[in-house]
Structure formats: structure tokens, C-alpha cells
Amino acid sequence: MTKTVAVIEGDDAAPEAVGPTIELLKSLDLNIEFTYPVVGDVAINDYGSPFPEEAKVLIDDADTTFFGSTSGSSGVALLYLRWGKGTYANVRPTRYFPGAPSALANPEGVDFIIVRENLEDLYLRTEGDLKDLSNLGLISKTSRKPIAELGEGRYAIKAITREGSERVIRFAFELARTRRHELTVTSKYNMLPESDGFFLEIAQELASEYPDVQMNHFIVDDFACRLVANPRQFDVTVMPNLYGDILSDAAAGLVGGLGLAASGCYGKDYAYFESAHGTAPDIVGRNIINPTANLLSAAMMLDYLGYNEASQRLHSAVVAVYADGDSLTPDVGGQASTQGLCDAVRARF
């Protein structure tokens, strides 16, 4: 059966990495059809909207979406892929490849996954002026002052729901079953017992359904220290949205940077895949943006689509290119172009 992938190349230098990645996938003869929704500035010019209905239909009709990085009007499509499609679990693998630069003295064996809740927490983006809360009678549990007496300022609402937490934690438990049967839960449950503590409470409730998975937990600042000091101790980790966003980027720095940071966002019946780095406007047009994150995200996508062997071969080819070291882009110590790295991966496929 033919699978359909909607491709949104993104902004600035992102298309320079997405294009060769998709061309590599096309060369594999995997019975995949690629469609190209028009979004962003081009869509504004052609349709009068950054996310026209025609683009939404192509995404809805596709089995998945492959998304480049956004820095502008194409971001509205990303909002749809996340909140519109309900992709609640952001999966961020961190694995060291021999040949990649690392901040660690001994990065060998680093191989863990951060599962980030993707839809709620502070990313509800419900913010406003503190004076709007003055009539609610809220009191700070630390200063003991009424919110109305704090003075001029702003607020942001952090929401941790049972439904949102259960589904992402259950996702992480199931993922742990495919690896070392170990799961780490982290949040700031000591200072925020009603919200972050609720996230941990739900994890502890679900743990009884997974007696074969060893679950432990750390306060998020303790976890961050442990992540840097001994990342090999972790396998699958799960955390609320904001912590996952920050710590997954920090984790990438341990093994070579965001140029290697793949990402997949999974929902009940849809998923999309994107590199975790930005659009690199400072190097646009130079064909040196690192395509590794795109290639590894593509491997995750192939696995999701059921092309498991091709996924493993693509992943292994990337590992081989890094071990060889002759076809790496400048950000990881090489002199190759974006296309050159992709060609080297294709040659080892």
C-alpha cells in the first residue's frame, strides 16, 4: 500500500537540508508518495493565507508530515500539526555517534530518549496582566502576599491535566518496554506539588500497570545535573512540556549539537517529524546546514510508516558516515556540504 508524506520544507536554510533528505528517500523505492502543501509567505502570495485549506487537506490526507524548521509565517502549519492533530508526545532521542564532537570526556554509550508532553503545561500560552487576577483572591504560597499586592507584572498559567499526563506517561512506559525497561519521571514536584506533583502522582499510579518497567523519579534540577554528569544512567525519560523543550536541547549538546537532534511528535492517529534545530538564517544559501537531524528524523518516520528495515539501514548509514569522518559538515568539524553528507549516507545505505 502506498504511503503518503506531506513535506513542508520550512524557512531560511531549512529547505537546503530537507530537499536532499527527501531525494534520498525517493531513491529507496519504498512506495511513498510525497506531496507539498503550500504554506507560509508563498501561500500568502498565492492564496491570501499562510495556511490555506488546500494545505490542510494535503496534511489530513497524508499518513504523516515531514516538517523543516520554521521562523516565520509557516509556523501556523506547525501549530496545526501539534494542536490540530493532537500530537501529544514529542520524542527526542539522544545518542552518541563515534566521530561526532562531544562536550563529554567519554560520550561512548550515551543513548537515551526524552519524551516531552507536547500540548499543555505553560505552552497553553495563556498569559496576561497581573491586575486581571486581582479579583480572584489568590495568595502566594511562598510570600503569603495576595496576588493583588504584588504590583505591576504579568502572569502565565501552567496547566497539568490528568488526560494529558496519562497519555504521554503511558506512551513513555510503552516505549521503555521496547528498550531497557527503565523509565525516569522528572518535574519540579517539590515546589509545585499541585501541578508538577500531579504529573508524578499520575506516573506512580500508572506504574502498577507496568510491573516489568523499573520507574524512578528525580526533581528536575537534580535530573539536569545527573543528565550532564552521567547521561548513561538514563534510558527513557518523561517530563512536562517546558522542561522537555529545554532539556532535550541541552541533551543534544552532549552528543554533537542540535544538528544531530531528531524529533518525532506522535498522537493517537497521526505523527509528524522534524529536525529540532532552527532555520539557520546566517548560513542560508551556503549548502552547509547539517542534514543529520533531518536524516535521523526521516529514519523515525520510516519506522512509523512500517518501513522498519529501511529505517534501520538509514540510521546505520548515518552512523557509518560519522565513524568515517570524511563527509561531515562544518558544525561537526568537517568540510562537506549538506548535499555531500547526504550523498555519503546514500552511498552507505
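As a starting point, this report considers the structure included with it. All values derive from a computational prediction rather than experimental measurement.

### Some details on the overall build of the protein chain
Line of reasoning, step 1. When you go through the protein chain residue by residue, the secondary structure sums to eleven helices and twelve strands.
Line of reasoning, step 2. Scaling as 2.2 N^0.38, a compact globule of 349 residues should have a C-alpha radius of gyration of about 20 Å, and the protein chain matches this with 21 Å.
Line of reasoning, step 3. Dimensions along the principal axes, computed over C-alpha positions, put the protein chain at roughly 65 × 50 × 40 Å.
Line of reasoning, step 4. Within the protein chain, buried positions represent 52% of all 349 residues.
Line of reasoning, step 5. When the accessible surface of the protein chain is split by element, carbon and sulfur atoms take 49% of a total near 15600 Å².
Line of reasoning, step 6. Side-chain charges in the protein chain split into 29 positive and 48 negative, and the spacing between the mean points of these groups amounts to 5 Å.

### Details of unusual backbone geometry
Line of reasoning, step 1. Positive phi, close to 50°, is recorded for A280, a residue that is not glycine.
Line of reasoning, step 2. With respect to the helices, strands and loops of the structure, A280 is situated in the loop between β12 (271-274) and α9 (292-305).
Line of reasoning, step 3. If you check the backbone angles, N287 has positive phi at about 60° while not being a glycine.
Line of reasoning, step 4. Relative to the helices and strands, N287 resides in the loop between β12 and α9.
Line of reasoning, step 5. Residue classification places N287 among the partly exposed positions, given a relative accessible area of 29%.

### Comments concerning the packing of helix α1 (residues 14-26) against helix α11 (residues 338-347)
Line of reasoning, step 1. Interhelical geometry of α1 versus α11 gives an angle of 20° and a closest axis separation of 9 Å. Judged by the inter-axis angle, α1 sits roughly parallel to α11. The two elements α1 and α11 meet at a crossing, and its hand is right-handed. The residues of α11 that touch α1, namely those facing E16, A17, P20, T21 and L24, are T338, Q339, C342, V345 and R346.
Line of reasoning, step 2. Partitioned by chemical class, the residues of the contact of α1 with α11 number five nonpolar, three polar and two charged.

### Topic: a nonpolar patch on the surface
Line of reasoning, step 1. Judged by side-chain polarity, V76, L79 and W83 come together as a nonpolar surface patch covering roughly 240 Å² of accessible area.
Line of reasoning, step 2. Along the polypeptide, L79 turns up in helix α4 (residues 75-84).
Line of reasoning, step 3. Overall, L79 belongs to the partly exposed group, its relative accessible area being 44%.

### Considerations on the pattern of salt bridges
Pairing between side chains of opposite charge can happen when the charged atoms of each approach one another.
Line of reasoning, step 1. Using the criterion set out here, one finds 19 salt bridges in the structure.
Line of reasoning, step 2. Measuring nitrogen to oxygen at the nearest pair gives 3.0 Å for the salt bridge that ties K56 to D60. Of this pair, K56 and D60 both sit in helix α3 (residues 53-61), four residues apart, roughly one helical turn.
Line of reasoning, step 3. Judged by its relative accessible area of 29%, D60 is partly exposed.
Line of reasoning, step 4. The closest approach of N and O atoms between R170 and E209, which form a salt bridge, is 2.6 Å. Taken together, the residues R170 in helix α5 (residues 162-177) and E209 in the loop between α6 (196-207) and β9 (214-219) connect sequence positions 39 residues apart.
Line of reasoning, step 5. Residue R170 is classed as partly exposed on the basis of its relative accessible area, which comes to 29%.
Line of reasoning, step 6. The partly exposed category is assigned to E209, whose relative accessible area is 42%.

### Section: the environment of Y36
Line of reasoning, step 1. Of note, Y36 is situated in the loop between β2 (32-35) and α2 (40-47).
Line of reasoning, step 2. Spatially, the C-alpha atom of Y36 lies 5.7 Å from that of A6, the residues being 30 residues apart in sequence.
Line of reasoning, step 3. The residues contacting Y36, other than those within four sequence positions of it, are V7, E9, I22, K26 and L58.
Line of reasoning, step 4. Within the local environment of Y36, its side chain forms a polar contact with the side chain of K26, the two groups lying 3.4 Å apart.

### Comments concerning the environment of F97
Line of reasoning, step 1. Counting through the fold element by element, F97 comes out in the loop between β4 (89-95) and β5 (111-117).
Line of reasoning, step 2. Between the alpha carbons of F97 and V185 there is a distance of 26 Å; along the sequence they are 88 residues apart.
Line of reasoning, step 3. Once residues within four sequence positions are removed from consideration, F97 is found in contact with L260, L296, H315, V318, V319 and Y322.

### Overview of α11
Line of reasoning, step 1. Within α11, the full set of buried residues consists of T338, L341, C342, A344 and V345. Buried residues in α11, looked at end-on, bunch into an arc of 155°, giving them a common side.
Line of reasoning, step 2. Contact partners of the buried residues in α11: α1, α9 and α10 (308-324).

### Comments concerning the pairing of strand β3 (residues 64-67)
Line of reasoning, step 1. Side chains of β3 alternate between two faces, with T64 and F66 and T65 and F67 buried alike.
Line of reasoning, step 2. Across four bridges, the pairing between strand β1 (residues 3-8) and β3 is parallel. Opposite I8, over in β3, you have F67 as the bridge partner.
Line of reasoning, step 3. Where β3 lies against β12, three bridges are found, and the strand directions are parallel. Each residue of the ladder has a partner; that of F66, found in β12, is F273.

Criteria and thresholds
- Residues numbered from 1 in each chain as written.
- Predicted model: local features only at pLDDT ≥ 70, side-chain atom pairs only at ≥ 80, totals over all residues.
- Heavy atoms only, no water.
- Helix = DSSP H or I, 4+ residues; strand = E, 2+ residues; numbered from the N terminus.
- Rg over C-alpha atoms; globule rule 2.2 N^0.38 Å.
- Buried < 20%, exposed > 50% of the residue type's maximum accessible area, 1.4 Å probe, protein only.
- Areas by Shrake-Rupley, 256 points an atom, 1.4 Å probe, with all protein chains shown as cover.
- Lys, Arg positive; Asp, Glu negative; His and termini not counted.
- Charge placed at Lys NZ, Arg CZ, Asp CG, Glu CD.
- Axes fitted to C-alpha atoms, helices over the stretch in contact; angles between N-to-C directions.
- Parallel < 35°, antiparallel > 145°, perpendicular 65-115°, else oblique.
- Left-handed = near helix turned anticlockwise from the far one by under 90°.
- Contact = heavy atoms within 4.5 Å.
- Nonpolar A, V, L, I, M, F, W, Y, C, P; charged D, E, K, R; others polar.
- Patch = residues over 30% accessible without salt bridge, like charges linked within 9 Å, V, L, I, M, F, W, Y side chains within 5 Å.
- Salt bridge = Lys/Arg side-chain N within 4 Å of Asp/Glu carboxyl O.
- Polar contact = N/O pair within 3.5 Å; in protein donor to acceptor, adjacent residues only side chain to side chain.
- Arc of directions from axis to C-beta.
- Pairing = 2+ DSSP bridges.

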